[in-house]
Amino acid sequence: MNQTDKSTGFIKELPEGVALIAAPYQNLQEVVLKPEDGCYWYRHYGQIETTMLPLRTVEGRPICTQVAFKPPVAG
């Protein structure tokens, strides 16, 4: 289970497997695991604004712990 820093809300120590597959240009010091999608997000400091972005692999795929549940669409 991921330990979260209560003062910042970020994961204290990223799981090793996540750190190994994450693309190198991302901020691995400020990462959260969002319960609504089961994916890791990191704080990105841009020239204009600071925002949360999905943590991605070097291939560009989002790094998630599970597939988010989507209810079937009634037709």
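Participant: Whenever I open this one, the pairing of strand S1 (residues 31-34) confuses me. Can you help?
Facilitator: Two faces belong to every sheet, and in a regular strand the side chains alternate between them. Of the pairings in the sheet, the one linking S1 to strand S2 (residues 39-45) comprises four bridges and is antiparallel in character. From the neighbouring strand, Lys34 faces S2, where its bridge partner is Cys39. In this antiparallel pair of consecutive strands, S1 and S2, the connection spans four residues, and Gly38 shows a positive phi of 70 degrees.

Participant: Before we go on, may I ask you to explain the state of the cysteines in this structure?
Facilitator: Two cysteines form a disulfide when their sulfur atoms are joined by a covalent bond. With the rule as written, the count across this model stands at one disulfide. Across the disulfide, Cys39 is cross-linked to Cys64 (sulfur-sulfur distance 1.8 Å). In this structure the cystine formed by Cys39 and Cys64 twists about its S-S bond by roughly 85 degrees; its chirality is therefore right-handed. Pair noted here: Cys39 is in strand S2 and Cys64 is in the segment after strand S3 (50-54), with a separation of 25 residues, a long-range link.

About the thresholds
- Residues numbered from 1 in each chain as written.
- Predicted model: local features only at pLDDT ≥ 70, side-chain atom pairs only at ≥ 80, totals over all residues.
- Heavy atoms only, no water.
- Pairing = 2+ DSSP bridges.
- Helix = DSSP H or I, 4+ residues; strand = E, 2+ residues; numbered from the N terminus.
- Disulfide = S-S within 2.5 Å.

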